[in-house]
Amino acid sequence: QQLSPLKIVGSILGSDTVMSSVRDIDPEKEDFARIQAYKQLFTISPKSETTVIELSVNASSPELAEIRLKALIETFQQRLVTLREDETTRRSEFAL
């Protein structure tokens, strides 16, 4: 079975690392002691045959939904930078 880049990106978006960081800045974080409960607020759906990932979130208000989605996107982007830097470091160490 071939790994789809879109599914990999979706996995990173929904990872415990990303979701924990998003939960840490959520105004209602006290309501979600377990990361699994917090992750259930989000739906991450890679669309087959496209380069699109659909994101949706449950929240008590549209404003909170926007906060959560913006936090998810920003945290995801930061995580990608970290993963790329780690990969670059590993490759340069391997080349030595």
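Coordinates for the structure precede this section.
Model, not experiment: these values are computed from the prediction.

**Q** Which residues make up unusual backbone geometry, and what are the values?
**A** Glycine aside, a negative phi is what most residues show, and trans is what most peptide bonds show. Positive phi, close to 65°, is recorded for Glu-49, a residue that is not glycine. Relative to the assigned elements, Glu-49 resides in the loop between strand S1 (42–46) and strand S2 (53–57). Accessibility expressed as a relative area gives 81% for Glu-49, which makes it exposed.

**Q** So what's going on with the side chain of Asp-26? Residues and values would help.
**A** Within the fold, Asp-26 resides in the loop between helix H2 (16–24) and helix H3 (35–39). Residue classification places Asp-26 among the buried residues on the basis of a relative accessible area of 3%.

**Q** Can you lay out the side chain of Arg-68 for me, pointing to particular residues and giving the numbers?
**A** Topologically, Arg-68 is positioned in helix H4 (residues 62–95). What makes Arg-68 buried here is its relative accessible area of 2%. Contact partners of Arg-68, with chain neighbours within four places excluded, come to Val-22, Asp-26, Glu-28, Phe-32, Tyr-38, Leu-41, Phe-42, Val-57, Asn-58 and Ala-59.

**Q** Now, about the packing of H2 against H4: what can you tell me, with residues and values included?
**A** Packing of H2 against H4 leaves a shortest axis separation of 9 Å and a crossing angle of 135°. Classified by the angle between their axes, H2 and H4 sit oblique to one another. Pair H2 / H4 crosses with right-handed handedness. Within the contact between the two elements, H2 uses Thr-17, Val-18, Met-19, Ser-21 and Val-22 and H4 uses Arg-68, Ala-71, Leu-72, Thr-75, Phe-76 and Arg-79. Along the lines of polarity and charge, the residues of the contact of H2 with H4 split into six nonpolar, three polar and two charged.

**Q** I'd like a rundown of the packing of aromatic side chains, residues and numbers included.
**A** Under the criterion given, the structure shown has two aromatic pairs. Between the aromatic rings of Phe-32 and Tyr-38, the centroid separation amounts to 5.4 Å while the plane-to-plane angle is 75°, which identifies the pairing as edge-to-face. When sorted by exposure, Phe-32 lands in the same class as Tyr-38, which is buried.

**Q** Let's hear about the packing of helix H1 (residues 5–13) against H4: which residues, and what values?
**A** Contact pair H1 / H4: the axes reach a minimum separation of 10 Å and the direction vectors enclose 110°. By the criterion of interaxial angle, the relationship of H1 to H4 is roughly perpendicular. The hand of the H1/H4 crossing is right-handed. For the pair formed by H1 and H4, the contact residues are Val-9, Ile-12 and Leu-13 on the first element and Leu-72, Phe-76, Arg-79, Leu-80 and Leu-83 on the second. Classifying every residue of the contact of H1 with H4 by side-chain character gives seven nonpolar, no polar and one charged.

Reading guide: rules and limits
Residues numbered from 1 in each chain as written. Predicted model: local features only at pLDDT ≥ 70, side-chain atom pairs only at ≥ 80, totals over all residues. Heavy atoms only, no water. Helix = DSSP H or I, 4+ residues; strand = E, 2+ residues; numbered from the N terminus. Buried < 20%, exposed > 50% of the residue type's maximum accessible area, 1.4 Å probe, protein only. Contact = heavy atoms within 4.5 Å. Axes fitted to C-alpha atoms, helices over the stretch in contact; angles between N-to-C directions. Parallel < 35°, antiparallel > 145°, perpendicular 65-115°, else oblique. Left-handed = near helix turned anticlockwise from the far one by under 90°. Nonpolar A, V, L, I, M, F, W, Y, C, P; charged D, E, K, R; others polar. Phe/Tyr/Trp six-rings, centres within 6.5 Å; stacked < 30°, edge-to-face > 60°.

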